[in-house]
Amino acid sequence: MKDKIHIYYFNKDGVSIKQKTIKTNLLRLIFCLFLISLVFIGYFTFEYVNLKENITYYQNLDEKIALQLDEIIEQQRQIHTFAEELNSLKQRLSELNEYEKKIELIAKVDKKVYTEEILGVGGSSSDEVEPFLLANAKQNSILHEMYKQSAELDYESKKQHKMLDVIVKFLEDQKTLLSIIPSISPTEGWMSSKFGRRESPFINEKQEFHRGVDISTPKGTDVIATANGVVKFVGKNGNFGKMIIIDHGYGITTKYAHLNDIIIKKDDTIKRGDIIGHVGNTGKSTGPHLHYEVHMYGIPVNPQKYIYN
């Protein structure tokens, strides 16, 4: 093998003008260095591309993590808000429960006392919802407990609503009952004859049972309805003269007799205090007065027991 390589340079006429000799070992060294350079350049190029791809990947990953952390913080904020709302609802229901018991006591509503208490709302402490402190399992557990208690509060509120409906109906019934009780005087004047046995005011007549009261007052004095009701009779009725009968419901009726005139009609709806006529002296009467009766299921009772004014 030759140790040297000769390189000749020729001009355009083909005549040799220069010669250069290169050792074979040097050429081999240069070639090896060239190959090594190519390997290093290829390696570093590959590493650079790979590093650039990794940087892009981790940048994207950081952005995703940042978004997920923002979502976690927002979820924890919502959990905290939800917990505060649940606690507020629980407090309002507790106050309403106490208020209801006071109403029951005042109104004397007969019903069973609550045996179930409103459950406390746990898992709402601000320490438990600080960012990054809640693991998924813990967060899911809190959400599950909160939804469970939300359902319990919903049930409690519906039960509360039903019990308040009972109280409202009871009070409405009481109001209705009070409105139909004949509890005021039917006219102004003084009581000239009471309920029960009495000497007849007419000559040659024996004792009689007086089924109402007589209130003496000047002719033309207003006569008012003593309770709410519906007019069942208006007109003349023998010895009673001009008379009105009002049906108040629950078996209660009132009668107003010896009237001078009547200003209502049959089937009119009347309220307590409405003027229904005026005192007169019609029928069998010794002078201007109002004969007033109260009946319970057709039986006359003492009107004085129902007059509170």
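Report follows, based on the coordinates. Not measured: the values here are computed from a predicted model. (Residues numbered from 1 in each chain as written. Predicted model: local features only at pLDDT ≥ 70, side-chain atom pairs only at ≥ 80, totals over all residues. Heavy atoms only, no water.)

### Description of the overall build of the chain
Heads up, the condition is: Secondary structure elements are defined from DSSP: runs of H or I of at least 4 residues count as helices, runs of E of at least 2 residues count as strands, and each element is numbered from the N terminus. Contact definition: two residues touch when any of their heavy atoms are within 4.5 Å.
Helix and strand counts for the chain come out as two helices and 14 strands. Considering only contacts within the chain whose residues lie at least 6 apart along the sequence, 63% involve residues at least 24 apart.

### Quick word on unusual backbone geometry
Definition in use: Each residue's exposure class comes from its accessible area (1.4 Å probe, protein chains only) as a fraction of the maximum for that residue type: buried when under 20%, exposed when over 50%, partly exposed otherwise.
Of note in the backbone geometry, His 258 takes a positive phi value of approximately 65° without being a glycine. If you check the backbone angles, Asp 267 has positive phi at about 75° while not being a glycine. Classification of Asp 267 by relative accessible area gives partly exposed; the value is 48%.

### Section: the pattern of salt bridges
The criterion, for reference: Any Lys or Arg side-chain nitrogen located within 4 Å of an Asp or Glu carboxyl oxygen qualifies as a salt bridge.
Counting across every chain of the model gives two salt bridges. In this structure, Asp 268 engages Lys 265 in a salt bridge whose closest nitrogen and oxygen atoms are separated by 4.0 Å. On the basis of relative accessible area, Lys 265 is assigned to the exposed category, the value being 57%. Here Asp 267 ties to Lys 266 by a salt bridge, and the two come within 3.6 Å at their closest N and O atoms.

### Here's the deal with the pairing of strand 13 (residues 289–296)
Which entries qualify depends on this criterion: At least two DSSP bridges between two strands are needed for those strands to be called paired.
Where burial is concerned, most of strand 13 is hidden: seven out of the eight residues are buried. Of the strand pairs in this sheet, strand 6 (residues 213–216) and strand 13 are connected by four bridges, and their pairing is antiparallel. Note on strand 13: the bridge partner recorded for Ile 215 is Leu 290. In this structure, strand 10 (residues 252–262) lies alongside strand 13, joined through six bridges in antiparallel fashion. The residue of strand 13 that forms the bridge with Thr 253 is His 295. Pairing between strand 13 and strand 14 (residues 299–301): three bridges, direction antiparallel. Within the sheet, the bridge partner assigned to His 295 lies in strand 14 and is Pro 300. In sequence, strand 13 turns back onto strand 14 through a hairpin of two residues, with Tyr 297 there showing a positive phi of about 55°.

### Details of the pairing of strand 6
Of the two faces of strand 6, the one carrying Val 213 and Ile 215 and the one carrying Asp 214 and Ser 216 are both buried. The sheet contact formed by strand 3 (residues 190–193) and strand 6 spans three bridges and is antiparallel. The residue of strand 6 that forms the bridge with Trp 190 is Ser 216.

### Digging into the nonpolar core
The criterion, for reference: We call a set of buried Ala, Val, Leu, Ile, Met, Phe, Trp, Tyr and Cys residues a nonpolar core when their side-chain atoms join them within 4.5 Å.
Ranked by size, the top nonpolar core spans 16 residues in total, and within it Val 223, Ile 244, Ile 246, Tyr 256, Ile 276 and Leu 290 carry the most contacts. Listing elements by their share of this core, those giving two or more residues are strand 9 (242–249), strand 10, strand 12 (275–279) and strand 13. By residue number, the principal contributor to this core is strand 13, which donates three residues. Contact partners of Ile 246, with chain neighbours within four places excluded, come to Ala 225, Gly 229, Val 230, Val 231, Lys 232, Ile 252, Thr 253, Thr 254, Tyr 256 and Ile 276. Residues Leu 86, Leu 93, Ile 142 and Leu 153 belong to the second largest nonpolar core, which totals seven residues.

### Re the environment of Asn 228
Quick reminder of the rule: Any pair of N or O atoms that falls within 3.5 Å is considered a polar contact. Within protein, one atom must be able to donate a hydrogen and the other to accept it, and sequence-neighbouring residues count only if both atoms are side-chain atoms.
Looking at the secondary structure, you find Asn 228 in the loop between strand 7 (222–224) and strand 8 (229–236). For Asn 228, a relative accessible area of 23% translates into the label partly exposed. In sequence terms Asn 228 and His 248 are 20 residues apart; their C-alpha atoms lie 6.0 Å from each other. If we ignore the near neighbours within four places in the chain, the residues touching Asn 228 are Ser 179, Ile 180, His 248, Ile 270, Lys 271 and Arg 272. A distance of 2.7 Å separates a polar atom in the side chain of Asn 228 from the backbone nitrogen of Arg 272.

### Considering a nonpolar patch on the surface
For the record, the criterion: Two distance rules govern patches: like charges are joined within 9 Å, and nonpolar side chains (Val, Leu, Ile, Met, Phe, Trp, Tyr) within 5 Å, applied only to residues with over 30% relative accessible area and no salt bridge. Accessible areas in this description were obtained via Shrake-Rupley with a 1.4 Å probe; residue shielding takes into account the shown protein chains only.
A grouping of Leu 26, Leu 29, Ile 30, Leu 33, Ile 36, Phe 40, Tyr 43 and Phe 44 is seen on the molecular surface, where their side chains present a nonpolar patch of about 820 Å² in accessible area. Note that Leu 26 resides in helix 1 (residues 24–107).

### Considerations on the packing of aromatic side chains
To describe a pair of aromatic rings, you give the distance between the ring centres and the angle between the ring planes. Convention followed: Aromatic rings from Phe, Tyr and Trp, taking only the six-membered ring of Trp, are treated as a pair when their centres fall within 6.5 Å; an angle between ring planes under 30 degrees marks them as stacked, one over 60 as edge-to-face, and anything in between as tilted.
The full count for this structure, using the stated rule, is five aromatic pairs. Here Tyr 57 and Tyr 58 contribute two aromatic rings whose centre-to-centre distance is 5.2 Å and whose plane-to-plane angle is 70°, an arrangement assigned as edge-to-face. Note on Tyr 58: relative accessible area 47%, which makes it partly exposed. A centroid spacing of 5.4 Å and a plane angle of 40° characterise the contact between Tyr 256 and Tyr 292, whose relative ring orientation is tilted. Of this pair, Tyr 256 sits in strand 10 while Tyr 292 sits in strand 13, and the two are 36 residues apart along the sequence. Here Tyr 256 and Tyr 292 have matching classes, each one buried.

### What to know about the side chain of His 248
Among the structural elements, His 248 can be located in strand 9. Judged by relative accessible area, His 248 falls into the buried class, the value being 4%. From its side chain, His 248 meets the backbone oxygen of Asn 228 in a polar contact 2.6 Å long. In this view, His 248 contacts Ile 180, Ala 227, Asn 228, Gly 229, Thr 253, Thr 254 and Tyr 256; residues no more than four positions away in its chain are not counted.

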